[in-house]
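Residues per chain are reported as follows:
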Amino acid sequence: MPIPWVEKYRPKSFSEIVNQEEAKQILASWICTRFKAPQEFCARWAKRRDKEIKEARAVLLWGPPGIGKTTLVHALAKEIGYELVELNASDVRTGERIRQVVGRGLREASLFGYAGKIVLFDEVDGLHVKEDLGGLEAILNLIETAKVPIVLTANNPFDPKLRPLRDISLVVGLKRLSEDEVVEVLKRICASEGAKCEEEALRSLAKSSYGDLRAAINDLQLYLAGRKVLTVDDIKRAGERNPQLSMFEILDRVYKARWFDEARAVSFNPSFDWEQYFVWALETIPIVYKDLEVMSEAFDRLSKADMFIGIVKRTQEWELLSYAMELALGGVSQVKNKPRLPPFIRYGFPQRLLLLAKSKEARRRREMVVEYLARNLHVSKALVNAEIFYVLSALAKKDEHVVERLARALGISPIDIKNLL
Amino acid sequence: MSELFWFEKYRPRSFEEVVDLEEVKARLREFVKAGNLPHLLFYGPPGTGKTTMALVLARELYGEYWRENTLELNASDERGIGVIRERVKEFARTAPVGKAPFKLVILDEADNMTSDAQQALRRIMEIYAQNTRFILLANYVSRIIDPIISRCAVFRFSPMPRHLMAERLREIARSEGVELKDDAIDLIYEISEGDMRKAINLLQVAAAVSKVVDANAVASAAAAVRPSDVLELFNLAMGGDLAKARDKLRELMYIKGVAGVDLIRVFQRELIRMQLDDDVKAEVAELLSEVDYRLTQGADEEIQLMYFLTKLGSIGKKIRVAPKKR
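Each value, and the rule that gives it
- Residues numbered from 1 in each chain as written.
- Chains lettered and ligands numbered in written order.
- Predicted model: local features only at pLDDT ≥ 70, side-chain atom pairs only at ≥ 80, totals over all residues.
- Heavy atoms only, no water.
- Helix = DSSP H or I, 4+ residues; strand = E, 2+ residues; numbered from the N terminus.
- Buried < 20%, exposed > 50% of the residue type's maximum accessible area, 1.4 Å probe, protein only.
- Contact = heavy atoms within 4.5 Å.
- Areas by Shrake-Rupley, 256 points an atom, 1.4 Å probe, with all protein chains shown as cover.
- pLDDT = per-residue confidence, 0-100.
- Pairing = 2+ DSSP bridges.
- Axes fitted to C-alpha atoms, helices over the stretch in contact; angles between N-to-C directions.

Participant: Summarise the overall build of chain A; cite the residues concerned and give the values.
Facilitator: Along its length, chain A carries 21 helices and seven strands. Here chain A holds 421 residues, and the buried ones make up 52% of them. Counting contacts in chain A only where the partners sit at least 6 residues apart, residues at least 24 apart contribute 73% of the total. Roughly 20,600 Å² of accessible area belongs to chain A as shown, and the carbon and sulfur atoms make up 52% of that amount.

Participant: Tell me about the confidence of the model for chain B, and please be specific about residues and values.
Facilitator: Low pLDDT means the predicted coordinates in that region are not meant to be read closely. Per-residue pLDDT for chain B has a mean of 89; in total, 98% of the residues score no lower than 70. This complex was scored by the predictor with a pTM of 0.57 and an ipTM of 0.80.

Participant: Residue-level account of the sheet that holds strand 1 (residues 39-43) of chain B, with values.
Facilitator: Residues and elements named next belong to chain B. Here we have five strands laid out as an open sheet, ordered 2-3-4-1-5, and parallel in their pairing. One side of each edge strand has no neighbouring strand; the edge strands of this open sheet are strand 2 (70-74) and strand 5 (152-156). Sheet twist, expressed as the average angle between the axes of neighbouring strands with direction ignored, equals 15°. With five bridges joining them, strand 2 and strand 3 (residues 103-108) adopt parallel strand pairing. In the strand pairing of strand 3, L71 is matched with V105. Running over the sheet, helix 2 (residues 22-34) touches strand 1 and strand 5 and is turned about 155° from strand 5. Seen against the sheet, helix 4 (residues 80-92) touches strand 2, strand 3 and strand 4 (132-138) and runs at an angle of roughly 175° to strand 2.

Participant: Explain the sheet that holds strand 2 (residues 82-87) of chain A to me, using residue names and the numbers behind them.
Facilitator: All names here are of chain A. Ordered by their spatial adjacency, five strands build an open sheet running 2-3-4-1-5, and the pairing between neighbours is parallel. Single-partner strands in this sheet number two, and they are strand 2 and strand 5 (169-173). Direction aside, the axes of adjacent strands within the sheet are offset by 25° on average. By the bridge criterion, four bridges tie strand 1 (residues 58-62) to strand 4 (residues 150-154) in an arrangement that is parallel. Bridging from a neighbouring strand, W62 pairs with A154 of strand 4. Taken strand by strand, helix 7 (residues 135-145) contacts strand 1, strand 3 (116-121) and strand 4, and its axis lies near 145° from that of strand 4.

What follows is the structure, encoded as structure tokens:
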């Protein structure tokens, strides 16, 4: 199972992190003055004595994507032997959810011998004021009351909605990585993977990553999927790096991938959005695979991937996401008896997106009718769904009044009821 | 609205109106006379009068105030025992209205609860025993845990005898101005298998088809109340027309608002009656159980149902290639 190189080569300690000396020192000084930390670590890194560092209740790390904000916190936790409790933008960060996850995390005694806990709120600028209702308040509340270190990260800390967080946190900016620094990291990875990479090729990757080390590493993995050599020509042939792939191109790469790895690697592309991909795969599998058995195998894999998505969403065990990706990409791509695919496939636009709005309304209305019938007829909703609904529908065909009376009783239009039957 | 469905319109409102279940009535009358009641457990097949009897009891106990004093819950509709506890707690907070010193909680489908939930239910029954009595309704007494059974007076409900059902159907037909033929009654009895609710539903749909209800009208009524749209989906997939099947699926899910898991449950109920070889039936049954599980685990119902339909299509393909083994 190929782990993303971003994970594989993520620095594990402070000393492995390049080019963020100031941020490392501030963070270490803050931890060492306000919380328990190993002496050795403090002696080496905690060099700052500023008043605002000592008094800060939380730290807000900011900087462009892919320069190591999250990595820095992970490494910090490791250095001081703390357990990391993490929430990122993909979670539904309503106040309730935050209290659930973090609250629990903080109460439970550590099972694995950690010295303490550190809370990381990743990408706080991703908080939606409306959807993550109460999320901001919950974070603020936690900062005010918790006795553990809390670190926040953001791409843009000057977002007005983050003002309250900014006010009570120590704001620390991370430096953008230089081209040379990115190249150095890529070189190390090539060596460790036993790949021969031309320096010029790596420089070109670094240049177009604009200091986003994560994107550069993802690209490198994409280029080296299933091969051990990288030349400038490879990169020229692929065009400008960081291809902002359209969904059509992503689908093409998945379905036409020659190997499992090649299909899997599509997820490393920065423009890959897995939630969208699932919707498009659902729509396009029958278009690409005409044979019933092939089609059903592809859906079997997508269905299993969706089960992992469901489990991840419920349990927040994000490590399982990689199974979902492998099944949904490699699994859908590499089916038994795969047909030869034509050079141009007309992928249809997902009907689903158009139907989704309708669905919500229809389901709500049906639920209303079912609940009403169950209550008034003294039967279960299951029985209404399985039996009474069909009786109603048969009666309605013969007698217009049936629908009208039901519509009146529920205060919705007769047409809406007819559509349900 | 309750007038719309005959089974509700003609649901007995008093002990007198219940035409069978003499022993059950006799014992319940004693309780009403004494003005006290133990917890009760009614069990028996669907449509044998458990809910009716519980509601009759409520009316006999409280007269016009029966609604205020009765809480109807359905174990399979409530989300977990915690919700049931909250609702009982809220209900038990206020004193009963009228002469009886307690309120009634009617809990339907109690046998669908896990044994853990039933243990919790037992605790709830004890905590609120001061001013509530529970009537538990179940299809199978064997699925109720012993500690609950031992705390309840247990009553068995059996299907209505043929001649009483015939009498009841004739009464209803008479008061609705419908002519009911004897062969129709025979067929209704046969199809409904003693389930009174099903029987009256059939009569009503048949009467909507024609004012003279004979065996033919009943047969077309029976066809009309089958879930034809869901079965059409099944046949489209089985026949290999996945494009049409997908359109049908989306119509059911997104226009009619049917939940994916309900679709699977309908297939499961209808499977026995389908015209399929037994080995195919077994294969479909296995697939249904698998999809039901995946639906509970997964995040996207349409993905799971497309897996179901395409898999069904490839099962169908095998049959089409090698039509009959026998």
